[in-house]
Amino acid sequence: MTDSRGGRAAPPRALTIAGSDSGGGAGIQGDLKTFQELGVHGMSVVTAITAQNSLGVQRIAPVAPELIEAQLDSVLGDIGADAVKTGMLPTPESVAAAAAAVRRYGLERLVVDPVRTAKDGRRLMAGEAFEALAELLLPLAELATPNVPEAAALLGVPERDIRTVDERVDAAKALLSFGSRHVLLKGGHAEGDECLDILVAASDGGRRPALLGGPRLARRHTHGTGCALSSAVCAALAGGAAAEAACREAKAFVAAAIAGSYPTGAGVGSLRHEAWRAGGAFDGRR
Ligand SMILES: Nc1ncnc2c1ncn2[C@@H]1O[C@H](COP(=O)(O)OP(=O)(O)OP(=O)(O)O)[C@@H](O)[C@H]1O
Ligand SMILES: Cc1ncc(CO)c(N)n1
């Protein structure tokens, strides 16, 4: 396909506003791999640099808020974005910068992944940043993608109160009160043979939840699943998909990437982001 100027038609544009993961599996690196696999033009605004590997997070340095703003203006003032996702936002100032840009550039298709900790439990967002995210960013989001611990933190309830499917549906509905138009409560941290994500919409008050099921894959190397999910949703939204279709596609993308995951280093290894494109050619035994 060619555009009116005789060049190749441009792919949809997706932007991630997140932290760098030096290990390459999560954060900016995982997001850009996901964007590439799903055929969108990927862009990044780096909010923090982490020294990180399969064993955990060794060091974190937040990027100065002015530099975050400069990156946002460079990208959005020139190239623009059809959809945006946020990941690690290390300070309240970084949350405010992201929220201001979303407003200023009129970005409707925003996915907020309320990242709190890394897999090793290391805190990626301080308490104040997490509070700022709830106040400033969630009301602008088309979709929020909390896991169970993040949902519990937002709702101020213990994690053990969000266990059964009914409890998780109720929690997802309650999370709509933070102002996002949809909530996808992820099931990676829940129990059982099924890995069930629950999607609710503010348009019907959460009364008709969509249950996005799939087998729980017995894999150890799951570093970056949350980042892959939210960036895959973002890519699908950039391409024009509706929220539910985007979540279903993202879940299938992540399941394929988990099925093909592989060891890196001595700890929790990486997803195989290309597994989806390869059409299930990886079965996890490689
Ligand atoms: N073992 C698994 N088998 C199949 N799907 C899984 C598995 N673990 C997680 N998922 C899926 O991966 C996606 C991310 O969910 P998860 O709850 O792991 O996110 P997260 O906790 O934010 O990830 P992270 O630990 O990277 O921050 C969801 O769609 C979830 O259903
Ligand atoms: C930079 C970064 N963002 C998000 C996560 C969550 O997996 C991580 N481990 N690192």
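The residue count restarts for each chain, going from 1 along the sequence in the order it is written. Naming scheme: in the order in which they are written, chains are lettered from A and ligands are numbered from 1. A pLDDT threshold of at least 70 governs which residues receive local features in this predicted model, and a stricter bar of 80 or more applies before side-chain atom pairs are shown or counted, although totals over entire chains, interfaces and linings include all residues. Hydrogens and water are ignored here; the side-chain numbers use all heavy atoms of the structure.

The name that an unreviewed UniProt entry assigns to the protein is Hydroxymethylpyrimidine/phosphomethylpyrimidine kinase, with the source organism given as Paenibacillus antri. According to the UniProt record, the Sequence similarities (unreviewed entry) comment for the protein reads "Belongs to the ThiD family." UniProt positions are given in the numbering used here, feature names are shortened, and annotations may be inferred rather than shown by experiment.

K.L.:
I'm lost on the site of ligand 1 in this one. Help?
P.N.:
Proximity is defined per residue: any heavy atom of the residue falling within 4 Å of a molecule or strand makes that residue near it. The full set close to ligand 1 counts 17 residues, and K119, K186, H189, D197 and L217 are the nearest of them. Within the contact set of ligand 1, an oxygen atom lies 3.0 Å away from a backbone nitrogen or oxygen of G188. Polar contacts, as used here, are pairs of N or O atoms within 3.5 Å; protein pairs need one atom able to donate a hydrogen and one able to accept it. Residues neighboring in sequence count only if both atoms are side-chain atoms. In the model, a nitrogen atom of ligand 1 is placed 2.8 Å from a nitrogen or oxygen of the L217 main chain. Residue burial considers only the protein chains on display, and all accessible areas are found by Shrake-Rupley using a 1.4 Å probe. Its free accessible area being 620 Å², ligand 1 has 91% of it covered by the protein chains.

K.L.:
Looking at this model, I keep getting lost on the UniProt feature "domain: Pyridoxamine kinase/Phosphomethylpyrimidine kinase" (unreviewed entry) in the protein. Mind explaining?
P.N.:
In the numbering used here, UniProt assigns the feature "domain: Pyridoxamine kinase/Phosphomethylpyrimidine kinase" (unreviewed entry) to residues 21–270. A run of H or I in DSSP becomes a helix once it reaches four residues, and a run of E becomes a strand once it reaches two; helices and strands are each numbered from the N terminus. Helix makes up 40% of residues 21–270 and strand 17%, and the two end C-alpha atoms of the span are 12 Å apart.

K.L.:
So what exactly am I meant to see when it comes to the layout of surface pockets here?
P.N.:
One water molecule sets the probe size; rolling that probe over the atoms shows where empty space is left. Definitions used for this entry: grid spacing 1 Å over protein atoms alone; cavity, a set of points where a 1.4 Å probe fits but cannot get out; pocket, an open set with protein on both sides within 12 Å along at least 5 of 7 lines; lining residue, one with an atom within 4 Å of a point. Grid points are joined across faces, edges and corners, and a volume is the space filled by probe spheres set on the points. Roughly 1,000 Å³ of internal volume is contained in the largest pocket. Looking at the largest pocket, it is lined by 46 residues, and the ones nearest its centre are K119, T222, G224, T225 and G226. Residue assignment for the lining of the largest pocket shows that the elements contributing at least two residues are β1 (13–21), α1 (27–37), β2 (41–53), α5 (148–155), α7 (225–238) and α8 (243–259). Per-class residue counts for the lining of the largest pocket are 16 nonpolar, 18 polar and twelve charged. We call Asp, Glu, Lys and Arg charged. Ala, Val, Leu, Ile, Met, Phe, Trp, Tyr, Cys and Pro are nonpolar, and the rest, Gly among them, are polar.

K.L.:
Explain the site of ligand 2 here, please?
P.N.:
As a matter of local geometry, ligand 2 sits amid G19, S20, A26, G27, Q52, M88, A118, L124 and C227. A distance of 2.8 Å is found between a nitrogen atom of ligand 2 and a side-chain nitrogen or oxygen belonging to Q52. When ligand 2 sits alone it has 290 Å² of accessible area, and the protein chains cover 92% of it. What decides whether a molecule sits in a cavity or pocket is whether more than half of its atoms lie within 2 Å of the grid points. In a pocket analysis with a 2 Å cut-off to the grid points, ligand 2 is assigned to the largest pocket. Residues belonging to the shell around ligand 2 are distributed by class as follows: five nonpolar, four polar and no charged.

K.L.:
Could you clarify how one ought to interpret empty space enclosed by the protein in this entry?
P.N.:
Evaluated as defined, the whole model comprises one cavity of 30 Å³ or more. In this structure, the largest cavity spans a volume of roughly 30 Å³.

K.L.:
Just checking my understanding: could you explain the packing of helix α3 (residues 92–104) against helix α4 (residues 127–137) for this structure?
P.N.:
The relative placement of two packed helices is expressed as an angle between their axes plus a distance between the axes. At their nearest, the axes of α3 and α4 sit 8 Å apart, and the two run at 20 degrees to each other. Classed by the angle they form, the pair α3 and α4 counts as roughly parallel. Considering how the two elements wind past one another, α3 and α4 form a crossing that is right-handed. Residues P92, V95, A96, A98 and A99 of α3 pack against E128, A129, A132, L133, L136 and L137 of α4. Think of each axis as a best-fit line through the C-alpha atoms, taken over the contacting stretch in the case of a helix, with angles from 0 to 180 degrees between the N-to-C directions. Relative orientations are named as follows: roughly parallel for angles under 35 degrees, roughly antiparallel for angles over 145 degrees, roughly perpendicular for angles from 65 to 115 degrees, and oblique for any other angle. Two helices crossing with the near one rotated counterclockwise from the far one by less than a right angle form a left-handed crossing, whereas a clockwise rotation gives a right-handed crossing. Residue contacts are defined here by distance: any two heavy atoms, one from each residue, within 4.5 Å place the two residues in contact.

K.L.:
Is there a simple way to explain the pattern of salt bridges in this structure?
P.N.:
A side chain with one charge can pair with a side chain of the opposite charge if their charged atoms come near. When a carboxyl oxygen of Asp or Glu is within 4 Å of a side-chain nitrogen of Lys or Arg, the pair counts as a salt bridge. Enumeration over the complete set of coordinates arrives at eleven salt bridges. One salt bridge in this structure joins D73 and R104, with 2.7 Å as the shortest N-O distance. Placement of the pair is D73 in helix α2 (residues 65–79) and R104 in helix α3, with a sequence separation of 31 residues. Throughout, exposure labels follow a simple rule: accessible area from a 1.4 Å probe, protein chains only, divided by the maximum for the residue type, with under 20% read as buried, over 50% as exposed, and the rest as partly exposed. Overall, R104 belongs to the partly exposed group, its relative accessible area being 49%.

K.L.:
Sorry, what's going on with the confidence of the model for the protein here?
P.N.:
Low-confidence regions, as indicated by low pLDDT, have predicted coordinates that should not be scrutinised in detail. Taken over all residues, the pLDDT of the protein has a mean of 94, while the share at 70 or more is 95%. Mean pLDDT across the elements of the protein bottoms out in α5 (96) and peaks in strand β5 (residues 110–112) (99). Under the prediction, the complex receives an ipTM of 0.97, its pTM being 0.96. As a per-residue quantity, pLDDT reports the predictor's confidence and falls between 0 and 100.

K.L.:
Quick question: what am I supposed to make of the nonpolar core here?
P.N.:
Nonpolar side chains in soluble globular proteins generally cluster together in the buried interior. Ranked by internal contacts, the top residues of the largest apolar core, which has 47 residues, are L15, I17, L72, L89, L110, L133 and L137. Not counting the four nearest positions on each side in its chain, I17 is found in contact with V45, T47, L72, V84, K85, T86, G87, M88, L89 and A98. By nonpolar core is meant a set of buried Ala, Val, Leu, Ile, Met, Phe, Trp, Tyr and Cys residues that side-chain atoms within 4.5 Å join together. With 28 residues, the next largest nonpolar core counts F35, L38, A83 and C247 among its residues.

K.L.:
Teacher, can you tell me more about the side chain of T145 here?
P.N.:
For T145, the location among the structural elements is in the loop between β6 (143–144) and α5. By relative accessible area, T145 is classed as buried at 0%. Within the local environment of T145, its side chain forms a polar contact with the side chain of D113, the two groups lying 3.2 Å apart.

K.L.:
For this particular structure, what's the right way to read the side chain of S54?
P.N.:
One can find S54 in the loop between β2 and β3 (56–62). Accessibility expressed as a relative area gives 14% for S54, which makes it buried. Polar contacts involving the side chain of S54 include one to the main-chain amide nitrogen of G267, which spans 2.8 Å. Setting aside its immediate chain neighbours within four residues, S54 contacts T264, G265, A266, G267 and V268.

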